[in-house]
Structure formats: structure tokens, C-alpha cells
Amino acid sequence: MSIQEQRLRLLQGDQALLDCAISTARNGPGEENGSGCTPRGWHRIRIKIGEGCPAGTVFIGRRPTGEVYSSDLAAANPQRDWILTRILWLSGMEPGRNRGGMRDSLRRFIYIHGTPASEPMGLARSHGCIRMRDADLLYLFERVRAGDPVLIEA
């Protein structure tokens, strides 16, 4: 995944199974807790959340709320940072960089997750997570497992 290019690539050997636009942190790359930045380096998928939920399922605190995203729901809740469809919760693999202390990606709740279609891709707009279009996220979710490595490059 490239923060500079705002792209995620799912590789199988040298072949790209998925190459899509994403949206990383508006505040740029960084690892500090509270920074609102997207952490760099090697991570693992800690857990996959949302299997079997309909596309557009709204999550708060990693739990489905029972809502499905719509423009009416968005208008009624303009303050929400929408986490939709699926969650891939990331855990850092590099002690001192993205694991442990004030630089722990897991404790920062860094996810790859879905976002409303109205949010632009290819532009840094998130609060630290990696946002994806639902269709791309569903494709990715079906092809990765908990424990799979994820590299986030600046």
C-alpha cells in the first residue's frame, strides 16, 4: 500500500490481484498515538470483522449498529466518521515503530475499512485509517486471512 500514490495493491507473487485507489490520513504518514496519521511499515491483519454483513453495514466500536448506510442516515448524523461494510484491523510488526508504546497501530485502532461512495478516493482524507470503496474492500476481504502481512509505505 502506498500513502504517496494513495493506492492499495493485493499481490500474489508478482501478480497484482487488486490495484485500487484508497484514502489514507489527511495528516499524512506517522505513527504517534493521537496524531491522526497513517502508520508506516509492516503490519499484520489482526482480525477480520463483518463477514456476512450486507454492504454498507455501519460499524461503531467494531460492532455492527444494525444500520445500513444511506444518504438519509448521513444527513441525520453529519458528525460521524463512517466505518462501513468490513474492517481489517491492523497490528504493527515493528517494535518501536508501529508496535508498542505510543506508536502501537493496534491500540490506535488502525483499520482498512469501507467508506461512503461520496468520499473521494486517491486523496488523503481519513483520520488515520485506510478507506476503500465497498466493492474493492469486499474483494480484498475474501482473499486475505488474519495474520497476512500488510506493508504501508510512505
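What counts, and where the lines are drawn
Residues numbered from 1 in each chain as written. Predicted model: local features only at pLDDT ≥ 70, side-chain atom pairs only at ≥ 80, totals over all residues. Heavy atoms only, no water. Helix = DSSP H or I, 4+ residues; strand = E, 2+ residues; numbered from the N terminus. Rg over C-alpha atoms; globule rule 2.2 N^0.38 Å. Buried < 20%, exposed > 50% of the residue type's maximum accessible area, 1.4 Å probe, protein only. Contact = heavy atoms within 4.5 Å. Areas by Shrake-Rupley, 256 points an atom, 1.4 Å probe, with all protein chains shown as cover. Lys, Arg positive; Asp, Glu negative; His and termini not counted. Charge placed at Lys NZ, Arg CZ, Asp CG, Glu CD. Salt bridge = Lys/Arg side-chain N within 4 Å of Asp/Glu carboxyl O. Polar contact = N/O pair within 3.5 Å; in protein donor to acceptor, adjacent residues only side chain to side chain. Pairing = 2+ DSSP bridges.

Peer 1: Which residues make up the overall build of the protein, and what values do they have?
Peer 2: A tally of regular secondary structure across the protein gives two helices and nine strands. Its helices and strands taken in sequence order, the protein reads β-β-β-β-β-α-β-β-β-α-β from the N to the C terminus. Relative to a compact globule of 154 residues, whose C-alpha radius of gyration would be 15 Å, the protein shows 15 Å and is just as compact. With respect to the principal axes defined by its C-alpha atoms, the protein has extents near 40 × 35 × 25 Å. Each of the 154 residues in the protein was classed as buried or not, and the buried ones make up 45%. Across the protein, the fraction of contacts at a sequence separation of at least 24, relative to all contacts at a separation of at least 6, is 64%. For the protein, the accessible surface area stands at approximately 7800 Å², while carbon and sulfur atoms represent 49% of it. With 21 positive and 17 negative side-chain charges, the protein shows a separation of 4 Å between the mean positions of the two kinds.

Peer 1: Tell me about the side chain of R86, and name the residues and values.
Peer 2: Mapped onto the fold, R86 is located in strand 6 (residues 84-92). One buried charged residue, R86, remains without a salt bridge, the closest side chain of opposite sign being E142 at 5.3 Å. A polar side-chain atom of R86 sits 3.2 Å from the main-chain carbonyl oxygen of G50.

Peer 1: Got a sec to walk through the pairing of strand 9 (residues 149-152)? Specific residues and values, please.
Peer 2: Judged by which residues are buried, strand 9 turns out to be one-sided: V150 and I152 face inward and are buried, whereas P149 and L151, on the alternate face, are not. Taken together, the four bridges between strand 3 (residues 41-49) and strand 9 define a ladder with antiparallel strand orientation. Paired with H43 across the bridge in strand 9 is V150.

Peer 1: With reference to specific residues and values, describe the side chain of S126.
Peer 2: With respect to the secondary-structure elements, S126 resides in the loop between strand 7 (111-114) and strand 8 (130-132). If near-sequence neighbours (up to four positions away) are discounted, S126 is found in contact with S23, T24, A25, R26, T38 and R131.

Peer 1: Just give me the short version of the pairing of strand 6, but keep the residues and values in it.
Peer 2: Counted residue by residue, strand 6 has nine buried out of nine residues, so it is predominantly covered. Bridge count for strand 6 against strand 7 is four bridges, and the pairing is antiparallel. Counted as the bridge partner of W89 is Y111 from strand 7.

No statement about biological role is implied by the geometric values presented.
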